[in-house]
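Examination of the molecular architecture
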Amino acid sequence: MWALQSKCNLNCRYCYFTFGSRKLEKDPIHRLVSSGKLQETIAKIAQYGDIVYLTGGEPTTLDSLLVDIVKQLSGLGKKVILTTNGVLTKRKLFDELAKVGINGFLFSLDSFSQNQHNKYRSFWKETVDSIAYVSNLSPDLINGICMVVNKENLSQIKKTLVFAKSIGTNYFRLQLIYLPKGHPLREKLLLSKSELMLLRSQTDELFEFANSINLKAPCKRKFIEMMDYLLKTPRYVDRCPVAEHLAFVTEDFSVVPCAAGAYLSNSEFKVKLGESVRKPERCPKFSEDCACLWNLVYSEL
């Protein structure tokens, strides 16, 4: 997963990047271009695995630069999946990405209900139109949705899957919402322990239902594992559970598996996972960003 840290065209109310000091303002991806380091960085990113997930901010704001990145990764034999809000509805861009070898798209869609989705994200119709357009590009493309599960849409998962299928989706991913302490929406949207237990009890049924309508969901095992971690307090792991799957570009253009640049070896690192707060015993740079990223990757793999 490569966090491009591009600018975003939305201001979603529960996005952790827009809370506190975690704001994407520097748009570092363009520094890679101006420094002549882009090709070298892509080669480093490609060493992480066979599949590269491109995340933002919002990658489609990069236009032709995004096409170039996908083309290079594809040329290195990597499968490339783009996560996007789909709001820009750039059909020419979708066409160009398909031509250079992109393997799929994951669109942010939190509900079948336009009102519910727009309550925290906005531009539901534009996202839906993009999903429908991509469904006609190629039957081989992953055309998926990512649904961020919170208190308000917990009961809407099945209806949202049915709706997503009706507009051409062939894949879905559920992501648990994470809101750090102090966030104004934390109490309103963060799942309680009883709600997590309810979702955990319904997970098998939900994924079986998705399979019955031909929606692929390869992330079930990791999604269950993440819920099990959250429901057991305290829980310890002897290493950062996602660092080997993440790639961040630092100010000196190094590619590291830790946003804080503080990833420690297995023998040095021990993390305590609590119900809503996870703190390592030794890493001095651990932040709420880490917890958000764990949540994301656990549901992605």
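Heads up: the structure comes first, above all this text.
The shown structure was predicted, so the numbers you read here are calculated from the model rather than taken from an experiment.

**As for the environment of Gln116**
The topology assignment puts Gln116 in helix 5 (residues 114-120). Taking the C-alpha atoms as reference points, Gln116 and Asn153, separated by 37 residues in sequence, lie 7.7 Å from one another. What Gln116 contacts, discounting residues up to four positions off in sequence, is Ser111, Glu152 and Gln156. Polar side-chain contacts of Gln116 include one of 3.2 Å to the side chain of Glu152.

**Comments concerning the sheet that holds strand 3 (residues 79-84)**
Taken in spatial order, the six strands of this open sheet run 1-2-3-4-5-6, and their pairing is parallel. At either end of the open sheet lies a strand with only one pairing partner, and these are strand 1 (2-3) and strand 6 (171-176). Inspection of the sheet shows strand 1 paired to strand 2 (residues 51-55) by two bridges, in the parallel sense. In the strand pairing of strand 2, Ala3 is matched with Thr55. Here helix 3 (residues 64-75) sits on the sheet and contacts strand 1, strand 2 and strand 3; the angle it forms with strand 2, its principal contact strand, is near 170°.

**As for the packing of helix 7 (residues 157-166) against helix 9 (residues 193-212)**
Running from N to C, helix 7 and helix 9 cross one another at 20°; their axes reach a closest spacing of 11 Å. By the angle class used here, helix 7 and helix 9 are roughly parallel. The handedness of the crossing between helix 7 and helix 9 is right-handed. Contacts between helix 7 and helix 9 pair Ile157, Lys158, Leu161 and Val162 from the former with Leu199, Glu205, Leu206, Phe209 and Ala210 from the latter. By residue class, the composition of the contact of helix 7 with helix 9 is seven nonpolar, no polar and two charged.

**Focus on the nonpolar core**
Across soluble globular proteins, nonpolar side chains have a tendency to be buried as a group. Trp2, Leu54, Ile69 and Leu199 are the most contacted members of the largest nonpolar core, which has 58 residues in total. The element contributing the most residues to this core is helix 3, with six residues. Among the nonpolar cores identified, the runner-up in size contains eight residues, and Tyr14, Val148, Leu185 and Leu190 belong to it.

**Some words on the pattern of salt bridges**
Taken as a whole and judged by the stated rule, the model has nine salt bridges. Close ionic contact of Glu152 with Lys119 constitutes a salt bridge, the shortest N to O distance being 3.1 Å. Of this pair, Glu152 sits in the loop between strand 5 (142-149) and helix 7 while Lys119 sits in helix 5, and the two are 33 residues apart along the sequence. Taking the relative accessible area as the measure of exposure, Lys119 reaches 37% and is therefore partly exposed. A salt bridge links Lys158 to Glu205, with the shortest nitrogen-to-oxygen separation between them at 3.3 Å. Here Lys158 is found in helix 7, whereas its partner Glu205 is found in helix 9, with 47 residues between them in sequence. Since its relative accessible area comes to 32%, Lys158 is described here as partly exposed. The exposure class assigned to Glu205 is partly exposed, which follows from its relative accessible area of 48%. The network of salt bridges with shared partners includes Lys37, Glu40 and Lys44.

**Side note on helix 3**
Between its terminal C-alpha atoms helix 3 stretches 16 Å, which fits the 16 Å expected from 12 residues at 1.5 Å a residue. By the burial criterion, the buried members of helix 3 are Leu65, Leu66, Val67, Ile69, Val70 and Leu73. On its buried face, helix 3 sits against strand 1, helix 1 (29-34), helix 2 (38-45), strand 2, strand 3 and helix 4 (91-99). Taken from the residues just after helix 3, Gly77 is the one with a positive phi, measuring 85°.

**As for the packing of aromatic side chains**
The description of two aromatic rings rests on the distance between their centres and on the angle between their planes. This model, assessed by the stated rule, comprises seven aromatic pairs. Taken together, a centroid distance of 5.3 Å and an interplanar angle of 80° make the contact between Phe94 and Phe105 edge-to-face. Linking Phe94 in helix 4 with Phe105 in strand 4 (residues 104-108), this pair joins segments that are 11 residues apart in sequence. Of the two residues examined, Phe94 and Phe105, each falls in the buried class. Linked through ring pairs, Phe94, Phe105, Phe107 and Tyr133 together constitute an aromatic cluster.

**Focus on helix 9**
For helix 9, built from 20 residues, the straight-helix expectation of 28 Å at 1.5 Å per residue is met to within 8% by its first-to-last C-alpha distance of 29 Å. Of all the bends found along helix 9, the most pronounced is centred on Gln202 and spans about 45°. At the C-terminal side of helix 9, Asn214 shows a positive phi close to 65°.

The rules behind each value
Sequence positions are assigned chain by chain, starting from 1 and proceeding in written order. Given that the model is predicted, a residue must reach a pLDDT of at least 70 before its local features are reported, and side-chain atom pairs must reach 80 or more before they are shown or counted; all residues, however, enter totals for whole chains, interfaces and linings. To obtain the side-chain values, all non-hydrogen atoms of the structure were used and water was disregarded. The helix and strand labels rest on DSSP assignments: H or I over at least four residues marks a helix, E over at least two residues marks a strand, and numbering proceeds from the N terminus. What makes two residues a contact is simply this: any of their non-hydrogen atoms within 4.5 Å. Counted as a polar contact is a pair of N or O atoms within 3.5 Å, where, for protein atoms, one must be capable of donating a hydrogen and the other of accepting one, and residues adjacent in sequence contribute only when both atoms are in side chains. A strand pair is defined by DSSP finding two or more bridges across the two strands. Axis angles are defined between N-to-C directions and span 0 to 180 degrees, where every axis is a line fitted to C-alpha atoms and, for a helix, only to the segment in contact. Oblique is the label for any angle not covered by the other classes, which are roughly parallel (under 35 degrees), roughly antiparallel (over 145) and roughly perpendicular (65 to 115). Helix crossings are classified by the rotation of the near helix relative to the far one: an anticlockwise turn of less than a right angle makes the crossing left-handed, while a clockwise turn makes it right-handed. Throughout, the ten residues Ala, Val, Leu, Ile, Met, Phe, Trp, Tyr, Cys and Pro are labelled nonpolar, Asp, Glu, Lys and Arg are labelled charged, and all others, Gly among them, are labelled polar. By nonpolar core we mean a set of buried residues, namely Ala, Val, Leu, Ile, Met, Phe, Trp, Tyr and Cys, connected to one another through side-chain atoms within 4.5 Å. Accessibility here uses a 1.4 Å probe with only protein chains present; expressed as a share of the type maximum, an area under 20% marks a residue as buried, one over 50% as exposed, and anything in between as partly exposed. Any carboxyl oxygen of Asp or Glu within 4 Å of a side-chain nitrogen of Lys or Arg constitutes a salt bridge here. The span you would expect from a helix comes to 1.5 Å times its residue count less one. Aromatic contacts are taken between Phe, Tyr and Trp rings whose centres are within 6.5 Å, Trp giving its six-membered ring; a plane angle under 30 degrees counts as stacked, one over 60 as edge-to-face, and the others as tilted. Two axes are fitted around each residue, one to the seven residues ending there and one to the seven starting there, and the angle between them is reported as the bend at that residue.

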